[in-house]
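# What the coordinates show
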Amino acid sequence: MVYLSSFYFPDDDTENSFFCGEKHTCYDSFYPFQVFTRNQLTQLDFEPITILYGGNGSGKTTALNVIAQKLGVERDTLYNRSNFFETYTELCDYRLHRRIPAHSCIITSDDVFDSMLNLRAINSGIDIQREHLFQEYQDNKYASFRMESLADYERLKRVNTSRRTSQSRYTRKYLMDNIRERSNGENAFQYFCEKITEDGFYLLDEPENSLSPEHQLELAQFLADSARFYRCQFIIATHSPLLLAMDRAKIYDLDENPATVKTWTELPNVRVYYDFFKQHQQAFL
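The text that follows walks through the structure, step by step, so that each part is easy to find. On a predicted model such as this, the values are computed, not experimentally measured, just so you know. (Residues numbered from 1 in each chain as written. Predicted model: local features only at pLDDT ≥ 70, side-chain atom pairs only at ≥ 80, totals over all residues. Heavy atoms only, no water.)

We now examine the pairing of strand β7 (residues 233-237). Judged by how many residues are buried, β7 sits mostly within the fold: five of five residues are covered. Side chains Gln 233, Ile 235 and Ala 237 project from β7 onto one buried face, and the interleaved Phe 234 and Ile 236 project onto a second face that is buried too. Examined bridge by bridge, strand β3 (residues 49-53) and β7 share four bridges and lie parallel to one another. Residue pairing for β7: Ile 49 is matched across the bridge by Phe 234. Handedness of the strand β6 (residues 201-205)-helix α8 (residues 213-229)-β7 crossover: right-handed. (Buried < 20%, exposed > 50% of the residue type's maximum accessible area, 1.4 Å probe, protein only. Helix = DSSP H or I, 4+ residues; strand = E, 2+ residues; numbered from the N terminus. Pairing = 2+ DSSP bridges. Right-handed = clockwise from strand over helix to strand, strands pointing away.)

Here's what the structure looks like:
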């Protein structure tokens, strides 16, 4: 599914016109101006899965943030901006094939990290509650208790439960599942599965962070299936060869001048992995 067909960044002439009219010269940076014109990137044309590839400073994340700002898609965490960010996005344009669904969003590494911090906080609370339930079990099991009013009904149920079951079963009954039983990588992968739903437009900034190779492959399959069968569109900034290899993904190499479309096997980052494993292939025999 394609919702966003094309996105247009200001060209050299447009940026020069802006600078000619800008009265203030005390700024250290005019970011995001001059990020994309340096490699002549003025237009991106999208497929159901489009990947932005490039090294640090190539503009991958900036492109996602500009697109998200221009389209007004939902985001959870703050991001780097400048005094000229709104001005720049006003000069951008886009073409839709279909209306962007309301639940569409941008998902960044900060979103995933914040989610894992929240899980840690929950786990900390669970640990405290578990200790409380251990003591409560002992008090209930061996206490002499008599119900004197309806206000004691809940306590009566817990006393009876304590006397009929083991401490571990009692604790599991009154304690929510310990989320920490999943690793950070598993929680990160689960975050994407919960956040991405059918009929959606999603911008993903380096989703491979916190994911093992196995989970990266799982995520790649999940994204490919979501695009193919569940009418989703993805624009992804990534270095991961495992994500770059997704079937039918359109890849822009933002390190090239001009920025150009390539196959995943042509990308320098992938060639580094290929050459490394080829050099050490005897170790795998």
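Next, the rest of the story.
What follows covers the pairing of strand β8 (residues 250-253). Alternating positions in β8 separate into two faces, Lys 250 and Tyr 252 on one and Ile 251 and Asp 253 on the other, with burial throughout. Pairing geometry for β3 and β8, over four bridges, is parallel. The residue bridging Tyr 53 from the neighbouring strand is Asp 253, located in β8. Sheet topology note: the β8/strand β9 (residues 260-262) ladder contains three bridges and is antiparallel. Bridged to Asp 253 within β9 is Thr 260.

Another aspect to go through is α8. Over its 17 residues, α8 extends 24 Å from the first C-alpha to the last, a length consistent with the 24 Å expected when each residue adds 1.5 Å. Along α8, the positions that sit buried rather than exposed are His 215, Gln 216, Leu 219, Ala 220, Leu 223, Ala 224, Ser 226 and Ala 227. Trailing α8 by a residue or two, Arg 231 shows a phi angle of about 60°, which is positive. (Expected span 1.5 Å × (residues − 1).)

Phe 9, Leu 52, Ile 67, Phe 201, Leu 203 and Ile 235 are the most contacted members of the largest nonpolar core, which has 33 residues in total. Of all elements in the fold, only β1 (4-8), α2 (60-71), α3 (85-91), β6 and β7 reach the threshold of two or more residues within this core. For this core, the element with the highest residue contribution is α2, accounting for six residues. When sequence neighbours within four positions are dropped, the list of residues in contact with Ile 67 reads Leu 4, Phe 7, Phe 46, Leu 203 and Ile 235. (Core = buried A, V, L, I, M, F, W, Y, C linked by side-chain atoms within 4.5 Å. Contact = heavy atoms within 4.5 Å.)

For the coordinates displayed, the defined rule picks out six salt bridges. Among the ionic pairs, Arg 231 bridges to Asp 199, the shortest N-O distance being 2.4 Å. Taken as a pair, Arg 231 in the loop between α8 and β7 and Asp 199 in the loop between α7 (184-195) and β6 lie far apart in primary sequence, 32 residues in all. (Salt bridge = Lys/Arg side-chain N within 4 Å of Asp/Glu carboxyl O.)

Right, let's get into a nonpolar patch on the surface. On the surface, Tyr 273, Phe 276, Phe 277 and Phe 284 cluster together into a nonpolar patch covering about 460 Å² of accessible area. Within the secondary structure, Phe 277 sits in helix α10 (residues 268-279). (Patch = residues over 30% accessible without salt bridge, like charges linked within 9 Å, V, L, I, M, F, W, Y side chains within 5 Å. Areas by Shrake-Rupley, 256 points an atom, 1.4 Å probe, with all protein chains shown as cover.)

Under the counting rule described, the total for this entry stands at 14 aromatic pairs. Centre to centre, the rings of Phe 30 and Phe 84 are 4.9 Å apart; their planes meet at 40°, and the pair counts as tilted. Separated by 54 residues along the polypeptide, Phe 30 in the loop between α1 (12-21) and β2 (43-45) and Phe 84 in the loop between α2 and α3 bring together distant segments of the chain. Each of the two residues, Phe 30 as well as Phe 84, counts as buried. Taken together, Phe 18, Phe 19, Phe 30, Phe 33, Phe 84 and Tyr 88 form an aromatic cluster joined through their ring pairs. (Phe/Tyr/Trp six-rings, centres within 6.5 Å; stacked < 30°, edge-to-face > 60°.)

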